[in-house]
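Understanding the architecture of this molecule
Listed below are the residues making up each chain.
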Amino acid sequence: MTSHDPGAHDGRNGEPGPGSGRSRDHDLDGAREPERPGGLEAELIALGALLDVPAPPPPDLAAKVRARLQPTDPQEGRPLTDPQGSRLPPDPQESRPLTDPQGSRPPADPRGSRPPTRRSRRSRRWKVVAGVLAVVVAVTAATPQGRAAVAGILRLAGVEIHLDEEAPAPLPGAALLPGERAVPPGDLARHVRFPVRTPSALGPPSAATVSDAGRVASLFWPDGVRLDQFDGGLDPVFFKRVGPPWPQEARVGGLPGWWVQGTHRLGYITRPDGTEVPLRQAGPTLVWQRDGVGHRLEGVPTLGRAVAIADSLK
Amino acid sequence: MDDDEAIARSLDGDLAAYETLVARYSTLAHRTAALLGAGDEAEDVVQEAFVKAFRHLPAFRRDAAFRPWLLRIVANETHDLTRSRGRRADLVLRLGAATDPYAPDDPAGAALDGDRRDRLLAAVRGLPDRERGAVVCRYFLQLTEAETAQVLGWPVGTVKSTTHRALSRLREEVADDLP
């Protein structure tokens, strides 16, 4: 394999063009070549259009990338990369032109390939929250994951929230819901068996997916906001594992809900065997139920805003 | 929000802005990775490339175009993958393409009948790696010569000459009925 050989020197066959230096900035958006493709060139372009290139829906990839870049300390609320970029060590390679035939490439960042380490910080507030929870939490000694002690389980609107004494390790990577596929946002209602609503407080959604044979309908907005609506009923659909600070109670349209602040482990429960499929670290989420349909609104940073969006569902 | 604004916001730590940028270039990035040899591992390659691109964004020259800068990272990630597994994934025709002849806008007769298309594809697969890379960038991805140079990390002259050699070779391979 030689295609990137820095030592290759077939430049002898052609003069180094103007684009070989930093002048790339000026000619990239110019006339698209080939301007008048000959027969073979046109055939190659036509052939390219026939090649199979599987790709996930762009919002899925964007969400996965974001999940990997997301700071994992829920209290901190800013990315681990600081705006000045001083977190990146100065790299002499970066100042070389990208067209450098020696192949200056962004150095492999060892941290780039795995999620940032969790820097957990215990909040004193959880004790207060726990007092509120005690009324509704079914205390159980079960330790489904076998590692962290579970202080309690909340069940609401098809979401089961396991409260761990200590913050569970963040989930690396991200997975799609079972059978998740993109559909035009306007067609979403046709793919599910329950009424789907859209919040008027947000603009039109940029994408929509339907999952698990119509069990879950998801809407996406470009700023990382996601609304899942699902046929909750009595069986849990999603499970969450959270450490302190535990969820706080919220009211959505006079009905009870839970606000799960910060990032947390999110999974999906498949029927009928109850298998838990780990999905990803989810952002702050508001969970509530209305007319038998479970809702989870993810990615809105504050409870007040999340409730306002939830109340605007039409 | 244009690229420049999205980049500026991303540099300020606005992940939502970066998410917009990722969504915008996701399809092109997948296509680049898959056609340069990542095959069905393109998704992993692209995810990795976007994470790296974010971490290297402070080094991105703001007056430059984002597209080739990003595709360069995608190409490098793809190269690392194909090197580590010792081969490139083959180019595969889309399911159904065999029964659905492509009808290009070009009336000059660039339509590919099934037989010729298969021979051309086989010829592209058989190209030396560098020539195949040039053909992928210039025709399958329809990048300009300057963009190809940046993405592959070659001088523009090398792009010109390599593409020229590839075309000559392909012409020989499928010579019989070329107009």
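Above this text is the structure in question.
Report follows, based on the coordinates. (Residues numbered from 1 in each chain as written. Chains lettered and ligands numbered in written order. Predicted model: local features only at pLDDT ≥ 70, side-chain atom pairs only at ≥ 80, totals over all residues.)

Quick notes on the overall build of chain A
Each helix and strand counted, chain A has five helices and 13 strands in total. The buried share of chain A, taken over its 314 residues, is 40%. (Helix = DSSP H or I, 4+ residues; strand = E, 2+ residues; numbered from the N terminus. Buried ≥ 20, exposed ≤ 12 C-beta atoms within 10 Å, placed from the backbone.)

Side note on the environment of Pro168 of chain A
Residue and element names in this part refer to chain A. Secondary-structure assignment places Pro168 in the loop between strand S2 (159–164) and strand S3 (181–183). Accessibility expressed as a C-beta count within 10 Å gives 20 for Pro168, which makes it buried. Pro168 sits 97 residues away from Arg265 along the chain, and the two C-alpha atoms are 7.7 Å apart.

Focus on the sheet that holds strand S12 (residues 285–290) of chain A
Residue and element names in this part refer to chain A. Reading across the sheet, the eight strands line up as S3-S4-S5-S6-S13-S12-S9-S8 and stay open at both edges, with antiparallel pairing between neighbours. With partners counted over all chains shown, the strands left at the sheet margins are S3 and strand S8 (248–252), one partner each. In this sheet, adjacent strand axes meet at a mean angle of 25 degrees when their direction is disregarded. Here strand S4 (residues 207–211) pairs with strand S5 (residues 216–220) via five bridges, running antiparallel. Within S5, the residue paired with Ala208 across the bridge is Leu219. Lying over the sheet, helix H5 (residues 303–311) contacts S8, strand S9 (255–260), S12 and strand S13 (293–298), oriented at roughly 30 degrees with respect to S8. (Pairing = 2+ DSSP bridges. Axes fitted to C-alpha atoms, helices over the stretch in contact; angles between N-to-C directions. Contact = placed C-beta atoms within 7 Å.)

Thoughts on helix H1 (residues 3–11) of chain B
All names here are of chain B. Along H1, the residues that are buried comprise Ala6, Ser10 and Leu11. Relative to the axis of H1, the buried residues are bounded by an arc of 135 degrees and lie together on one face. The exposed set on the far side of H1, more than 90 degrees from its buried face, consists of Asp4 and Glu5. Two residues or fewer past H1, Gly13 is found with a positive phi of approximately 90 degrees. (Arc of directions from axis to C-beta.)

Describing the nonpolar core
Counting 62 residues, the largest nonpolar core has Val22, Ala33, Val46, Leu70 and Val74 of chain B as the members making the most contacts within it. Looking at which element gives the most residues to this core, the answer is helix H2 (residues 15–38) of chain B, with 13 residues. Ala33 of chain B has contacts with Ala38, Ala42, Val45, Val46, Val74 and Thr78 of chain B, leaving out every residue within four places of it along the chain. Core analysis: the second largest hydrophobic core is formed by 39 residues, Ile161, Phe238, Trp258 and Leu313 of chain A among them. (Core = buried A, V, L, I, M, F, W, Y, C linked by C-beta atoms within 7 Å.)

That's the geometry; what it means functionally is another story.
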